[in-house]
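Architecture and fold: a report
Here's the letter readout for the chains.
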Amino acid sequence: MCGITGVYAFNMVGRVSMVNAANATAALSSRGPDFQDIYNDNTVALGHRRLSIIDPSPEGHQPMWDLGSRYCIIFNGEIYNYKALRKELVDQGVKFQSETDTEVLLNLYMREGKACLQKVNGFFAFAIYDYKDKSLFIARDRLGIKPLYFMIDDDRLLFASEMKSIIQYGINKEIDYTGLYTYLQLNYIPAPATIFKSVKKLLPGYYLHLTPQEFLNEPYYEIPHNKANYTKLDYNQQKQKLAELMEASVQKRLVADVPLGSFLSGGVDSSVIATLAKKHKDDLHTFSIGFKDEKFFDETEYAQAVAKKIGSEHTVFSLTNSDLYKHVGDILDYIDEPFADSSAIAVYILSQETRKHATVALSGDGADELFAGYNKHTAFLKIINDGGAASAVKALQPLWYLLPKSRNNSLTNKFRQLHRFSKGMSMSSKERYWSWAGFASEQAAANLLSQSSRENLDKEQYSKFKSGILKDIPDKEAINDLLLTDAKLVLPDDMLTKVDRMSMANALEVRVPFLDHEVVEFAFQLPTDSKINGDIRKRIVQDTFKDILPDELYNRPKKGFEVPLLKWFRNEMQHTIKNDLLADAFIEEQGIFDVKEIRKLKKKLFSSNPGDVHARIWGLIVFQHWWKKYGQ
């Protein structure tokens, strides 16, 4: 796991950017604290920050050249099947100078070009420069676990693991209002858009190939999704197949030359990963966060039950709300593109504490998106099945509208959920998904923008962008259609972005066994009732591993975790909201938002009926802090 950045110059103007390669590489220091180096010639500059995981010796440093000094690679990620690939290459006569997966990938590309991407199993973003023909090849892993930003204009191609590195080269910082408008709805910006017009995210499963003659931005992988390819295995056979795939996936991800542990939240997903890992790693160390002030969300008793059953060395980091709050500033400072999933705060602290004991951690991320683990999946199933209870909820929509809605207690939260559900029932499949994916409607987001910002928003461009995101949802949706969209939108642009940024801010590599591409492909061969029915979500995951997990993990509600934003906003952050980031004077001077609409949100925040306003306020706080640091 590392940080990469580079420049490919088309002319003398582009070559001027190479002087910024050192600063761009240094900006990625937290991703790779162990070593830094830069290569440059008249065509490219390639920078690398190393977090040593496999073969930490100097032979593994990057940029790395092949023995013939023609090809140079900078690589962020891990190739889990590199030992098997290495053996194939050795059998073909290839000689190696290190024990790294990086050198295996380099030699595989030298022999097979872009076809090498079909052979590798792992997560990655990498660039390979061919000194002889002056070509540059860049690729991102199939599911988008590792990030890659790029910018291309008449003079140069820039790329980097994070936006803060791209910014160091000196770029046009014109706001992309499609990105901003979408952010105000979702609290994150979907790929390929970013907050800047000039910068894009490379899509998962895509590669770039640049030569003096052409530039390609092409897909090499698409998640298979075809009902005709649904498995013929019966349910028991499906469970057996999933167990085999998951055990193999976990085992592959235990390869490391540094201390390795596993996150253990107390939920089924992380418990499955930790249990399988312990079978192959006797000294497994597991890590959990406990919440002293939020007992409803504290699952440490379940995590400890799992740790006791599997015999792992277990550490609980027990935190107060004050402990959580004191990290908010560090997190806001690290965010280099607006991203407002507040659970990132907990991930940041978990990563920071885990890094004191390990350099690599396994995680249960991905299971909810593949196997239908969210409340919205249950809600969609109720509508798809067209039950009488769902119709009754819809009929009572005027009542849900009038009742107080808040996450402050279970009753008002239930009113909030019923109101959201009843509104969704009146929408088309695509619009229902979009509504339930976000925190604000299109109209509410548009109202937040100032008049000049609204004029800068290209509605046609936004419509095409949104249509592309929702293209896999038909008029009559099935659960797998929704999960496919989750896997292309929510997973890479929210969940994996959160884990990558917060773990890398603490130089911790996080590996996600549920997102082995073989597991993902099998998941999309499963019919709906293997994943979810009226009684259970993630059915096959829960049933497959029931015998190896503690009984108390079952028959209890999914809790997740919610940061106490509302409490903070009304207390510790009240001054920041009223007199700094969302102050009337600053809003008017900035010119991006409508000051009257911001006032309405602040009024609702301090009312007895705040609804979901805290999530929208957090989105604005993140944006404003980002704008002061990076956007001007």
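Whatever comes next refers back to the structure up there.
Read on for an overview of the structure. (Residues numbered from 1 in each chain as written. Predicted model: local features only at pLDDT ≥ 70, side-chain atom pairs only at ≥ 80, totals over all residues. Heavy atoms only, no water.)

So, on to the sheet that holds strand S15 (residues 313–319). Pairing between the strands of a sheet is mediated by backbone hydrogen bonds and can be parallel or antiparallel. On the basis of which strands lie adjacent, the open sheet formed by five strands has the order S15-S14-S13-S16-S17 and parallel pairing. Whereas interior strands pair on both sides, the edge strands pair on one side only; in this sheet they are S15 and strand S17 (509–511). Going from strand to strand, the sheet's axes swing by 30° on average, the running direction of each strand aside. Those strands touched by helix H8 (residues 268–280) are strand S13 (260–263), strand S14 (285–291) and strand S16 (360–362), and its axis lies near 150° from that of S13. (Pairing = 2+ DSSP bridges. Helix = DSSP H or I, 4+ residues; strand = E, 2+ residues; numbered from the N terminus. Axes fitted to C-alpha atoms, helices over the stretch in contact; angles between N-to-C directions. Contact = heavy atoms within 4.5 Å.)

On to the nonpolar core. Counting 193 residues, the largest nonpolar core has Leu180, Phe371, Phe569 and Trp618 as its most contacted members. The dominant element in this core, judged by the number of residues it contributes, is helix H31 (residues 613–631), at 10 residues. Not counting residues up to four positions away in its chain, the partners in contact with Phe371 are Leu242, Phe514, Ala523, Leu526, Lys531, Lys538, Ile540 and Val541. Residues Ile4, Tyr39, Val44 and Leu210 belong to the second largest nonpolar core, which totals 19 residues. (Core = buried A, V, L, I, M, F, W, Y, C linked by side-chain atoms within 4.5 Å. Buried < 20%, exposed > 50% of the residue type's maximum accessible area, 1.4 Å probe, protein only.)

Next up on the list: the pattern of salt bridges. Counted under the stated rule, the structure contains 38 salt bridges. Its salt-bridge partner being Asp153, residue Arg156 comes within 3.5 Å of it at the nearest N-O pair. Classification of Arg156 as buried rests on a relative accessible area of 10%. Ionic pairing is found between Lys356 and Glu353, a salt bridge with its closest N-O pair at 3.1 Å. For Lys356, a relative accessible area of 59% puts it in the exposed group. A relative accessible area of 18% means that Glu353 is categorised as buried. Look at the salt bridges and you will find they share partners, linking Arg31, Lys146, Glu162, Lys164, Asp336, Asp500 and Arg501 into a network. (Salt bridge = Lys/Arg side-chain N within 4 Å of Asp/Glu carboxyl O.)

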